[in-house]
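The residues making up each chain are set out below.
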Number of protein chains: 2
Amino acid sequence: MNNRLVTFLPAGVKVEVEPGTDLLTAAGKANIEIKAPCGGDGTCGKCAVRIKSGNVKARRDSHLATRIAEKGFNLACQTLVQDEDLVVEIPKTSSMSKHQVLGENASVGAGVSDALSNYLLHVWQLKELLLEQQKSPLNGYPLNPLCRRVRLTLPVANLQDNRDDLNRLTMALKKEIKCTDIHVPLSIIQKLGEILRVDQFKVTVLLSEVSGKVEIIAVEPGHGHQPLYGIAVDIGTTTVVAYLLDLEKGRVIDTAGTHNRQARFGDDVISRIVYAVEEPDGLKTVHQSIIGTINTLIMDLLVKQRHIKETDIRVMMTAGNTTMAHLFLGINPKFIRLEPYIPTANFYPVVKAQELGLRVNPDALVFSYASVASYVGGDIVSGTLFTGMGNEDAPISLLIDIGTNGEMVLGAGDWLVTCSCSAGPAFEGSGILFGMRAMHGAIERMQIDPQTYEVAYTTINNGKAIGICGSGLIDCLAKLKSTGIIDRAGKFQTSLPTERMRIGETGPEFVLVWREDTDINRDIVICEADVKNLLRAKGAVFAGIRTLLNVVGFELESIENIYVAGGFGNYLNIPDAIAIGLLPDIPVEKYKYVGNTSAKGACMALLSQEAWQEANNLAGKLTYIELSVGNLFMDEFISSLFIPHTDLTLFPNVGL
Amino acid sequence: MNNRLVTFLPAGVKVEVEPGTDLLTAAGKANIEIKAPCGGDGTCGKCAVRIKSGNVKARRDSHLATRIAEKGFNLACQTLVQDEDLVVEIPKTSSMSKHQVLGENASVGAGVSDALSNYLLHVWQLKELLLEQQKSPLNGYPLNPLCRRVRLTLPVANLQDNRDDLNRLTMALKKEIKCTDIHVPLSIIQKLGEILRVDQFKVTVLLSEVSGKVEIIAVEPGHGHQPLYGIAVDIGTTTVVAYLLDLEKGRVIDTAGTHNRQARFGDDVISRIVYAVEEPDGLKTVHQSIIGTINTLIMDLLVKQRHIKETDIRVMMTAGNTTMAHLFLGINPKFIRLEPYIPTANFYPVVKAQELGLRVNPDALVFSYASVASYVGGDIVSGTLFTGMGNEDAPISLLIDIGTNGEMVLGAGDWLVTCSCSAGPAFEGSGILFGMRAMHGAIERMQIDPQTYEVAYTTINNGKAIGICGSGLIDCLAKLKSTGIIDRAGKFQTSLPTERMRIGETGPEFVLVWREDTDINRDIVICEADVKNLLRAKGAVFAGIRTLLNVVGFELESIENIYVAGGFGNYLNIPDAIAIGLLPDIPVEKYKYVGNTSAKGACMALLSQEAWQEANNLAGKLTYIELSVGNLFMDEFISSLFIPHTDLTLFPNVGL
Ligand code: FES
Ligand SMILES: [Mg+2]
Ligand SMILES: [Mg+2]
């Protein structure tokens, strides 16, 4: 094999690949993540890279490839290594690095042109910008972690009391805790004899206890004070977020987030499933990709930065949509995408970290939140737990989680209905020319001067702008409409007296940031296709809400609380979200921006057995509504493709 | 590393080893088993080999090595490979190959000198030669195997009935069988979706069910008729015996036995423990050695000969002494041999075959019989189950298992006491100059003419004699005594008028077979040291019986049944065993020769859940008597070192 060396700039990472390998795959091998929302089909154009040296060949010709080539770029997914070594530069716009975790140290200010700053301060009313609710990680549940430490002093063995070591241990344990069943894995029994005798039959047992069933995780000599950590992970299709918890103190020590490395197999769950099912070793590759993502989070972001030992992490809790849960556990996801959309499992077995290759203590137990159906997963169950919607006295509430899919739950106490509305990942930046996730340099808030059409904006970390994230897109859409740049159907008014309005390659577009103010050396624009995508996404969410209400026979007015979850950025501008018809027109006071409820619910379950039991109850209690059955949803969807809606009586407070 | 090539004859097996390696270790690496009862200490002399070419070095000088060298042999354990390749011949007497399983096709006749055959027919009364009892493998229990097949036709999934696959399966299963708990391993869930759909939601589930807890072993498409096999294994210190069972028909298909390859670490459990604890990687080596032994049995003797697929073996049951159970599962046995003699575990977890590397279906479940204490193991529990001694209406009975250790159980129904008397492996041929296990060419019956001192004998398989096995040794000792060749204390009467009586290297000895009638080109003799060893062994067994009776306050006469188990050969000569004082002097009718009860009880447990439950009950019910506490046993032992005993009133029917 005559492998070639590919060097990726700016990181300088080198990797050897066979001639004929495409650069997207080569980057993947080098653990460098390049954006590829189309899954490497050569249709999204997000994977543009620049060849600094060496010759390459295009997989095939395409209009998109030619356009990109004119600008001096190549599509990584379509560009094949030939017989020379290569140096390849990955521009910031194509790179997925420097990911910004939702909820962390963003600030407002820089990147805003001086001329507009006064105006901004005047217009942005803090009351309409919902900050993420901050709560204790226990969220009302008692601290009673899934993994705990029991210190035992066993009677010392002698010729009279000559019970075997295992019996001695389990009998002492049964005195300490009520349980019907104690399971001790063989690997622990194998070394038990020595361990009991290191410190005269004094031992510390680490165990998990769920409904009276005890699983021993470790038996260690003496009555030590080693720390006891757990990790809660939200496995999002796009973003993976981990919380490191001190289980005994019930505290979050740190959080970290990164993009899901599976992104190179496509942006949505369907492309992941297709890859897993159709490629040779596809399932294994996609499975290992999410395990690798989580390991990176654990090692680079938590273990190394906090100087803790990975072996002190004894338990993990994951929550993710049904496809993510399947792929995480290596379960074939094939039938999730085929009618009648059956997941292989909704309740998942508890496994050991070493079975999955997770870089925590090899004997750590790994729990997975139960799913409800193929398109309502453990992340939504987790979110429902977090909101308390299933509690006995809960008022009628609505949880909307706008991630890659767009799921929602409506109900109160005993009854809870749920659906997934296939909103698509537009609010995560996918399918939007300059869309991006909530990362460094993303525009997260925006204002357009109704007279001059000047644009003011703030970016995450105050970096020079490189794109727009979810909250920026909501602002943008609302402002485009309120200033008359687009009409109710999303059509651009091309005759406006501003050079920002122009005809681009794909049709009318509006310049949000001029090239010189960006960090990507290109004008950041929004085009008509972007607006159409956003309308479809917001329309699907609103149609979902309407359908759920219809199924249970309630009106919008009955809803007491609306919990909005998802990765929009640090803030959610509720009036703007209402103005575009994404969220229902009810008083802003009823809204709560709850952030990543999937991760937060996972923390709760780790910290409290009671929470974990309730989570499993909820998974059984949630009634799934399949939107593809009947015409109800489709009719609602079509009516929702306008700003704010075809039926304006639904939005009495939105001025036109 | 400049390795040297060692070729072992007669097999011609070659192996590369480093200079400095001893030949016993080299043979082990080549999977050739050489006898080494002393564990390679250079003291037993059983590992003699002949160097055909190449130069070697002795580890150290010893009297034994010199004596062996004079005859042209070297001790394999003391002989080191030097800088040349070697050719080494292993004489039959040192080899452990061609092992004969207890209970298989032996015949009587050849090897007996013509002159004595009439006499033999006259003297051997068949009534005193107990044949092994033959029973159905179920032994009275209902056929209800630990692993069974359930054929299910699940409702086909559709948009209305869109339960997940796992739920669909477990709900259908719960309709079929009563159970509280169903555990499906992740490996099965991973592929479940496809499997259900191969034959339209028709599946065959293989499962094990123990006290309402179900463990799924496999889920396979369709309603096939593949066979369903199980393997029951008696893991003896010296011999390992396996039974291949058709679980659905409740039938034994085949049996096979071989020596325990651990023999190269020493003959008794203590030397195995010492090796496991003190050598680098010792536990792993000893563990893999027993796994290798069992794999050989399964593959060479069962799977290949019966043309069955190893993957059709779905469950295994093992029974062995406590040390064997520890080593089989890789559990550190260290504290078994240290006062107060505590095993790490008496009840063992069920594991998967792949965890241990057993060559059956990787998902097959492996059960291990529970032990009672460090020196009363699962083999005895299994034997107790087989005898039915724990049944409600059972009369007072005694089970004596004379293997490498010598354990016994006394009791009836509710009460059962048990002890281990450290008899040592003399009746398995160890520590006896020409002693050997019940294999091809072993003398198993013997008669000595009281006038001429001529010897008549039969051998296993009618092969030319190469040594004496357990039943032959009992006969031999009885006849030496009855013909006056030895006295009650085992002292040889050297003045007898026969050339068979002579003074050998170690003192007085009696020639049993002249060199020209053997297959080893040496006279087969029995010497005074042999007799002393046999006296110690038989004395320990009898002292154990007396001690147990004493502890519970019963007399010999109260015993209704004596079950004798162990590897003596095909027959057990009860009057001779009584005559030497090994077994109590009660009517022959009360004796039952039950053979390998450990293996038979393991079969019962595989074939019947009820039997397995009772086995676990028994393990809890057996009361262990530690003979090293107090003087009772030692006093009895010393009185038992005579033939038949110091107190002749105990043997009223034995003529002197
Ligand atoms: S065009 Fe290359 S990944 Fe989409
Ligand atoms: Mg999410
Ligand atoms: Mg035995």
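Conventions used here
- Residues numbered from 1 in each chain as written.
- Chains lettered and ligands numbered in written order.
- Predicted model: local features only at pLDDT ≥ 70, side-chain atom pairs only at ≥ 80, totals over all residues.
- Heavy atoms only, no water.
- Helix = DSSP H or I, 4+ residues; strand = E, 2+ residues; numbered from the N terminus.
- Rg over C-alpha atoms; globule rule 2.2 N^0.38 Å.
- Buried < 20%, exposed > 50% of the residue type's maximum accessible area, 1.4 Å probe, protein only.
- Contact = heavy atoms within 4.5 Å.
- Areas by Shrake-Rupley, 256 points an atom, 1.4 Å probe, with all protein chains shown as cover.
- Lys, Arg positive; Asp, Glu negative; His and termini not counted.
- Charge placed at Lys NZ, Arg CZ, Asp CG, Glu CD.
- Buried area = accessible area lost by both parts, 1.4 Å probe.
- Salt bridge = Lys/Arg side-chain N within 4 Å of Asp/Glu carboxyl O.
- Polar contact = N/O pair within 3.5 Å; in protein donor to acceptor, adjacent residues only side chain to side chain.
- Nonpolar A, V, L, I, M, F, W, Y, C, P; charged D, E, K, R; others polar.
- Phe/Tyr/Trp six-rings, centres within 6.5 Å; stacked < 30°, edge-to-face > 60°.
- Lys NZ or Arg CZ within 6 Å of the ring centre and 35° of its normal.
- Pairing = 2+ DSSP bridges.
- Axes fitted to C-alpha atoms, helices over the stretch in contact; angles between N-to-C directions.
- Domains from an automatic or database assignment.
- Least-squares fit on C-alpha atoms with pLDDT ≥ 70 in both.
- pLDDT = per-residue confidence, 0-100.
- Expected span 1.5 Å × (residues − 1).
- Parallel < 35°, antiparallel > 145°, perpendicular 65-115°, else oblique.
- Left-handed = near helix turned anticlockwise from the far one by under 90°.
- Patch = residues over 30% accessible without salt bridge, like charges linked within 9 Å, V, L, I, M, F, W, Y side chains within 5 Å.

Engineer: Even after reading the chapter, I still don't get the overall build of chain A, so can you show me in this structure?
Structural biologist: In terms of regular secondary structure, chain A is built from 16 helices and 31 strands. Computed over the C-alpha atoms, the radius of gyration of chain A is 26 Å, within 12% of the 26 Å expected from 2.2 N^0.38 for a compact globule of 656 residues. Counting only C-alpha atoms and orienting by the principal axes, one finds that chain A spans roughly 100 × 70 × 50 Å. Sorting the 656 residues of chain A into buried and exposed places 62% on the buried side. Within chain A, residue pairs in contact and separated by at least 24 positions form 68% of the contacts whose partners lie at least 6 positions apart. As displayed, chain A offers around 24600 Å² of accessible surface, 49% of which is attributable to carbon and sulfur atoms. If you average the places of the 61 positive and of the 73 negative side-chain charges in chain A, the two averages end up 4 Å apart.

Engineer: What exactly am I supposed to notice about the interface of chain A and chain B here?
Structural biologist: Many authors give the size of an interface as the accessible area that is lost as the parts come together. Across the contact, 39 residues belong to chain A and 39 residues belong to chain B. Carbon and sulfur atoms supply 62% of the area that chain A and chain B bury against each other, a total of about 3200 Å² over both sides. By the criterion of area lost to chain B, the three top residues of chain A are Leu159(A), Leu186(A) and Ile342(A), representing 18% of everything that side buries. Along the contact surface separating chain A from chain B lie four salt bridges. Close ionic contact of Asp181(B) with Lys213(A) constitutes a salt bridge, the shortest N to O distance being 2.8 Å. The interface formed by chain A and chain B holds 16 residue pairs in polar contact (both at pLDDT 80 or more) in total. Per element, the largest residue contribution to the side of chain A that touches chain B is seven residues, and it comes from helix H5 (residues 186-198) of chain A. Counted by class, the side of chain A that touches chain B contains 20 nonpolar, eight polar and 11 charged residues.

Engineer: What should I look at first to understand the packing of aromatic side chains in this one?
Structural biologist: A ring pair, where both rings are aromatic, is described by two values, the distance of the centres and the angle of the planes. This model, assessed by the stated rule, comprises 14 aromatic pairs over all chains. The interplanar angle of 40 degrees and the centroid separation of 4.3 Å between the aromatic rings of Phe265(A) and Tyr275(A) together place this pair among those described as tilted. Note that Phe265(A) is positioned in the loop between strand S15 (251-259) and helix H6 (269-278) and Tyr275(A) in helix H6, a separation of 10 residues in sequence. Given the relative accessible area of 24%, Tyr275(A) is considered partly exposed. Taken together, a centroid distance of 5.6 Å and an interplanar angle of 85 degrees make the contact between Tyr369(B) and Trp612(B) edge-to-face. Taken together, the positions of Tyr369(B) in the loop between strand S18 (365-368) and helix H10 (378-387) and Trp612(B) in helix H15 (residues 609-621) put the pair 243 residues apart, joining distant regions of the chain. Taking the relative accessible area as the measure of exposure, Tyr369(B) reaches 1% and is therefore buried. On the basis of relative accessible area, Trp612(B) is assigned to the buried category, the value being 6%. Here a set of aromatic residues connected by ring pairs shows up, and it is made of Phe367(A), Tyr369(A) and Trp612(A). Arg50(A) extends its terminal NZ or CZ atom over the ring of Phe73(A), reaching a point 4.5 Å from the ring centre.

Engineer: So what exactly am I meant to see when it comes to the sheet that holds strand S11 (residues 202-210) of chain B here?
Structural biologist: Remark on secondary structure: sheet strands pair via backbone hydrogen bonds, oriented parallel or antiparallel. Residues and elements named next belong to chain B. Taken in spatial order, the four strands line up as S9-S11-S12-S10 in an open sheet, and their pairing is mixed. Looking at the sheet topology across the chains shown, the edges are occupied by strand S9 (147-153) and strand S10 (181-183). Shown here is a sheet whose adjacent strand axes are inclined to one another by a mean of 35 degrees, direction ignored. Where S10 and strand S12 (residues 213-221) come together, three bridges link them in parallel fashion. Residue pairing for S12: histidine 183 is matched across the bridge by glutamate 215. Contacting S9, S10, S11 and S12, helix H4 (residues 165-176) crosses the sheet at an angle of about 110 degrees to S9.

Engineer: Please clarify how the pairing of strand S2 (residues 13-17) of chain B should be interpreted in this entry.
Structural biologist: Remember that side chains alternate between the two faces of the sheet whenever the strand is regular. All names here are of chain B. Pairing of strand S1 (residues 4-9) with S2, which is carried by five bridges, proceeds in the antiparallel orientation. In the sheet register, phenylalanine 8 faces S2, and the bridge partner there is valine 13. In sequence, S1 turns back onto S2 through a hairpin of three residues, with glycine 12 there showing a positive phi of about 80 degrees.

Engineer: Looking at this model, I keep getting lost on the side chain of Thr21(B). Mind explaining?
Structural biologist: Residues and elements named next belong to chain B. Tracing the backbone shows threonine 21 in the loop between S2 and helix H1 (23-29). A polar atom in the side chain of threonine 21 sits 2.5 Å from the backbone oxygen of glutamate 18. With near-sequence residues (within four places) excluded, threonine 21 lies in contact with Ala26, Thr79, Leu80 and Val81.

Engineer: Can you help me understand the domain arrangement of chain A in this one?
Structural biologist: Under the domain assignment, chain A is made up of domain 1 (4-94) and domain 2 (147-221). Taken over C-alpha atoms, the centre of domain 1 of chain A sits 56 Å from the centre of domain 2 of chain A.

Engineer: Is there a simple way to think about the sheet that holds strand S26 (residues 507-513) of chain B in this case?
Structural biologist: All names here are of chain B. Pairing is antiparallel in the open sheet, where three strands are placed in the order S25-S26-S27. One side of each edge strand has no neighbouring strand; the edge strands of this open sheet are strand S25 (501-504) and strand S27 (524-527). For this sheet the average axis-to-axis angle between neighbouring strands, irrespective of direction, equals 45 degrees. In this sheet, S26 lies alongside S25 in antiparallel orientation, the contact comprising four bridges. Each bridged residue has a counterpart across the sheet, and for arginine 502 the counterpart in S26 is glutamate 509. On the sheet, helix H12 (residues 528-552) packs against S26 and S27 and is oriented at approximately 60 degrees with respect to S27.

Engineer: What should I look at first to understand the relation of the copies chain A and chain B in this one?
Structural biologist: In this arrangement, two copies of a chain are superimposed by a rotation about an axis accompanied by a shift along the axis. Once chain A has been moved 0.0 Å along the axis and rotated by 180 degrees, it coincides with chain B to within an RMSD of 0.2 Å. One copy is carried onto the other by what is essentially a two-fold rotation axis. Residue by residue, 100% of the interface of chain A is reproduced at the interface of chain B, so both copies engage with the same surface.

Engineer: Looking at this model, I keep getting lost on the side chain of Glu509(A). Mind explaining?
Structural biologist: By the element assignment, Glu509(A) lies in strand S26 (residues 507-513). Here Glu509(A) is in contact with Phe492(A), Arg500(A), Met501(A), Arg502(A), Gly504(A), Val525(A), Ile526(A) and Cys527(A), once residues within four sequence places are set aside.

Engineer: Would you mind showing me how to read the confidence of the model for chain A here?
Structural biologist: Low-pLDDT stretches of the model should not have their predicted coordinates read in fine detail. For chain A, the mean per-residue pLDDT works out to 89, and 93% of the residues sit at or above 70. Taken together, the stretch residues 98-128 of chain A has pLDDT below 50 and engages in 73 contacts with residues farther than four places along the chain or on a different chain.

Engineer: Explain the environment of Ile298(B) here, please?
Structural biologist: Residue and element names in this part refer to chain B. Following the sequence through the fold, isoleucine 298 ends up in helix H7 (residues 282-306). With 98 residues separating them along the chain, isoleucine 298 and isoleucine 396 place their C-alpha atoms 38 Å apart. When near neighbours in sequence (up to four residues on either side) are disregarded, isoleucine 298 contacts Ile231, Val303, Ile313, Met316, Arg359 and Val360.

Engineer: Could you clarify how one ought to interpret the pattern of salt bridges in this entry?
Structural biologist: Any two side chains of opposite charge can pair, on the condition that their charged atoms come close. Residue and element names in this part refer to chain A. Inspection of every chain in the model, using the stated rule, returns 43 salt bridges over all chains. For glutamate 209, the salt bridge goes to arginine 148, with nearest N and O atoms at 2.9 Å. Here the residue glutamate 209 occupies a position in strand S11 (residues 202-210), and arginine 148 occupies one in strand S9 (residues 147-153), the gap between them amounting to 61 residues. Given a relative accessible area of 11%, glutamate 209 falls into the buried group.

Engineer: What is the right way to read H4(B) from this model?
Structural biologist: Because each turn of an α-helix spans 3.6 residues, side chains separated by three or four positions in sequence point in the same direction. The terminal C-alpha atoms of H4(B), which comprises 12 residues, lie 17 Å apart, in line with the 16 Å expected from a rise of 1.5 Å per residue. Residues of H4(B) that are buried in the fold lie against S9, S10, helix H5 (186-198), S11 and S12 of chain B.

Engineer: Got a minute to help me understand the packing of H10(B) against H15(B) in this structure?
Structural biologist: In a pair of packed helices, the angle between the axes and the distance between the axes together describe the arrangement. Residues and elements named next belong to chain B. With their axes 9 Å apart at the nearest point, H10 and H15 run at an angle of 120 degrees to one another. On the basis of their axis angle, the class for H10 and H15 is oblique. By crossing handedness, the relation of H10 to H15 is classed as right-handed. Contacts between H10 and H15 involve Val381, Thr384 and Leu385 from the former and Ala611, Glu614, Ala615, Leu618 and Ala619 from the latter. Here the residues of the contact of H10 with H15 sort into six nonpolar, one polar and one charged.

Engineer: Honestly, unusual backbone geometry in this entry has me stumped. Any pointers?
Structural biologist: Residues apart from glycine generally show negative phi values, whereas peptide bonds are mostly found in trans. In this structure, Pro10(A) follows Leu9(A) across a cis peptide bond, with omega equal to 5 degrees. Structurally, Pro10(A) is set in the loop between strand S1 (4-9) and strand S2 (13-17). Pro340(A) follows Glu339(A) through a cis peptide bond whose omega is 5 degrees. Relative to the elements of secondary structure, Pro340(A) occurs in the loop between helix H8 (322-329) and strand S17 (351-352). Positioned with a positive phi, Phe201(A) is a non-glycine residue whose angle comes to about 70 degrees. By the secondary structure assignment, Phe201(A) is in the loop between H5 and S11. In the Ramachandran plot, Tyr453(B) falls in the positive-phi region, its phi being about 65 degrees despite a non-glycine side chain. Within the fold, Tyr453(B) resides in the loop between strand S22 (442-448) and strand S23 (455-459).

Engineer: Just to check I follow, could you spell out a negative patch on the surface for this structure?
Structural biologist: Taken together, the side chains of Glu16(A), Asp83(A), Glu84(A) and Asp85(A) define an acidic patch exposed on the protein surface. Of note, Asp83(A) is situated in the loop between strand S6 (79-81) and strand S7 (86-89).

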